[in-house]
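What the coordinates show
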Amino acid sequence: MSRSIGGQSQCLVSRVCLTSRAALLMALVVACGDGSRHPSVLLVTIDTLRADAVSAWGEVQGTTPYLDALAESGTRFADATTVTPLTLPAHASMLTGLRPARHGLTVNGVATEALPVPTLAEHLHASGFQTAAFVSAAVLGAEHGLAAGFDHYDDDLQEPGGSVVRHERRGDRTVDRALEWIGQQEDSEPWFAWVHLFDPHAPYAAPDGESEGGRAGYLDEVRWADRQLGRLLGGLGDRTTLVTVTSDHGESLGEHGEATHGVLMYQGAMHVPLVMAWSGAISAAQRADFPQPGVVREDVVSVLDVTPTILETLGLGSTSEISAAWEADGRSVAEPLAGRVLPLECRSPSFYYGFSVLAGVRQGSLKLVGAPQSAEVDWVLNDISLDSEEVSGQVVVEHPLIQQVLSTEPEVEAPVIADLDQLRALGYVSATLSDAGDARRDPRESMDLVDAIDAANTLLVVGEPLQAWERLEAVPGDYRDVAELHLFRGKALRALGRSAEAVQELEEAHALQPESSSILLEWGRALLEVAAVTNSDAALEGASAAFQQALQLVPGETEAVAMWSLAEIRQGRPEEALSRLDAALDLKPQAGNLLLLRWRALKALGREKEALDVAETIQKIAPELSSYIVPSR
Ligand SMILES: [Zn+2]
């Protein structure tokens, strides 16, 4: 049986201002003392899992028996929202308690050397926990900045049957790795594992799925991910473990014109499952305290609350010591908190498309979202309890919640960008609303473009470049100032073998969005192709420079290291390539693309014996890559 608890009690928070991350960590270490008393902690994030795809939330029955059972055995937060519908920013918010504008990782593909506050992993590590992360997508690779505090950060996506460049890893393999690590942990010491499953993310093709694509294909992926969750939970045994399962964002599945996620902030993309439960042997005191079996919480909470709630539940300081200490946007929600205003923000429309950002708030069942950089801001107010699909929202001009919307402009730049003019040109510095000349498109009214790019992306993935090109050609001409359109036109042209035209498109894309490492990588690849055909030294130089810039934006990014090394080998500089590859392989020893390039660099240097050793390593750990090793080269 489940019982519901609404927003009734009040939590008084005294703010302690600690400016230094180090000071904050030290304070927690001193306060926490002996870590061995603590239960272990498992955080599972199932990427792209919308709440109503989970049977405990939705009308769909039988998709998620393991998550449903966990929800019955613990506290289910019926109305949990993400803060932003994008993987890297949402996970960074989950692990810090800060909204994206404050931690700085506001879109995918950027990087930071250090987040402004300690992460959940750093807190737990400082309290004596063994810590490990197992992520399933390149977008969460260690180079992006979430690895701090983890003794072990497994972002090695290479797997049997994989291609040279892997962007994701199947959930069963990620869970295998996590179970192996958990099994190696001492009973006497607490551990923290973050396990990220990427399966429900597009494209939808579950290993055992019957349907492909669409809602049915998506639900097949959800079922598959749930089975992996079941295996993971089954491997915990009797260890006392605080388990949290949630998602970084949902999936729009075509609602409001959005096929996937990442641009709009309707509930399909924002409403996420959140379950917290004890697993294994638990004391009577734990059973009586949070999280309790069979409880359903109706108050609105956020992924921002995950870290403060876990820390408070473990007794690592009270709410006032934890989330207030770093002035987190999240709070411990072990008890319901009345009247909270939760931030919602999405900068990807600005970063990728040059549209206005979206910004908004949740308070109770009310949700307000607007496009503050567009000429008509159009604040739309919805009551989620009455209209969860948000089809009858009211445009409001004056409403108290408008005053509660916070700026989405990052307080911390990631990556660091040169000067104010450049920032303004990139949209990092808000165009003032009175400056009509700078008014941007409202993403909610520009989904025809996003949809065309989404469709072209899928067509490119399934090897239909001509259809992808035609889809992009059909986009109305007034989107020529959108970087993302030029990026995908460039990708399609490359796939069609029209590399010289691709170079032109990607040059335009780069001019419109100089801070995108994906554009730089694609531009460099096109230049390499041109150089291969024309023997142009200038094209080779250009490629090298593009890859170097991409690597400056995201230091350590495997693909940038690999591509830059390839360009250097072709430029007759295999020594430089080799030292960079060796450094990158220290961090990712099984990265297939790096190993292949190392083999090529060694061959170019005439170091045959070592090249042979690398070829053997490739044969052992990634036999499918051996076909790339051509004896004559
Ligand atoms: Zn995601």
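What this report covers is the structure whose coordinates are included nearby. Fair warning: this is a prediction, and the values are worked out from it, not measured in the lab.

Glancing now at unusual backbone geometry. Along the chain, Ala 202 connects to Pro 203 via a cis peptide bond; the corresponding omega equals -5 degrees. In this structure, Pro 291 follows Phe 290 across a cis peptide bond, with omega equal to -10 degrees. Within the secondary structure layout, Pro 291 lies in the loop between helix H9 (284-288) and strand S10 (295-302). Although it is not a glycine, Asn 535 adopts a positive phi angle of roughly 55 degrees.

Let's shift gears to the packing of helix H15 (residues 483-495) against helix H16 (residues 499-512). Two elements in contact, H15 and H16, have axes whose closest approach is 8 Å; the angle formed by their N-to-C orientations is 160 degrees. Considering their axes alone, H15 and H16 lie roughly antiparallel with respect to each other. Considering the relative orientation of H15 and H16, their crossing is left-handed. Across from Ala 483, His 486, Leu 487, Arg 489, Gly 490, Leu 493 and Arg 494 in H15, the residues of H16 making contact are Ser 499, Glu 501, Ala 502, Glu 505, Leu 506, Glu 508, Ala 509 and Leu 512. Here the residues of the contact of H15 with H16 are counted per class, giving seven nonpolar, three polar and five charged.

Let's shift gears to helix H17 (residues 517-534). Here H17 contains 18 residues, and its C-alpha end-to-end distance of 25 Å stays within 8% of the 26 Å for a straight helix at 1.5 Å per residue. Of all 18 residues that make up H17, 14 are buried, and the element is covered over most of its length.

The next thing to look at is the nonpolar core. Counting 175 residues, the largest nonpolar core has Leu 527 and Phe 547 as the members making the most contacts within it. In terms of residues, this core owes the most to one element, H17, which gives nine residues. Not counting residues within four places of it along the chain, the set of residues in contact with Leu 527 comprises Val 503, Ala 539, Gly 542, Ala 543 and Ala 546.

Quick look at the sheet that holds strand S15 (residues 394-396) now. Sheet architecture is open: five strands sit in the order S11-S12-S13-S14-S15, paired in antiparallel fashion. Whereas interior strands pair on both sides, the edge strands pair on one side only; in this sheet they are strand S11 (342-346) and S15. With strand direction ignored, the average angle separating the axes of adjacent strands in the sheet is 25 degrees. Where strand S12 (residues 358-363) meets strand S13 (residues 366-370), five bridges bridge the pair, whose relative direction is antiparallel. For Gln 363, the partnering residue across the bridge sits in S13 and is Leu 366.

Reading guide: rules and limits
Residues numbered from 1 in each chain as written. Predicted model: local features only at pLDDT ≥ 70, side-chain atom pairs only at ≥ 80, totals over all residues. Helix = DSSP H or I, 4+ residues; strand = E, 2+ residues; numbered from the N terminus. Axes fitted to C-alpha atoms, helices over the stretch in contact; angles between N-to-C directions. Parallel < 35°, antiparallel > 145°, perpendicular 65-115°, else oblique. Left-handed = near helix turned anticlockwise from the far one by under 90°. Contact = placed C-beta atoms within 7 Å. Nonpolar A, V, L, I, M, F, W, Y, C, P; charged D, E, K, R; others polar. Expected span 1.5 Å × (residues − 1). Buried ≥ 20, exposed ≤ 12 C-beta atoms within 10 Å, placed from the backbone. Core = buried A, V, L, I, M, F, W, Y, C linked by C-beta atoms within 7 Å. Pairing = 2+ DSSP bridges.

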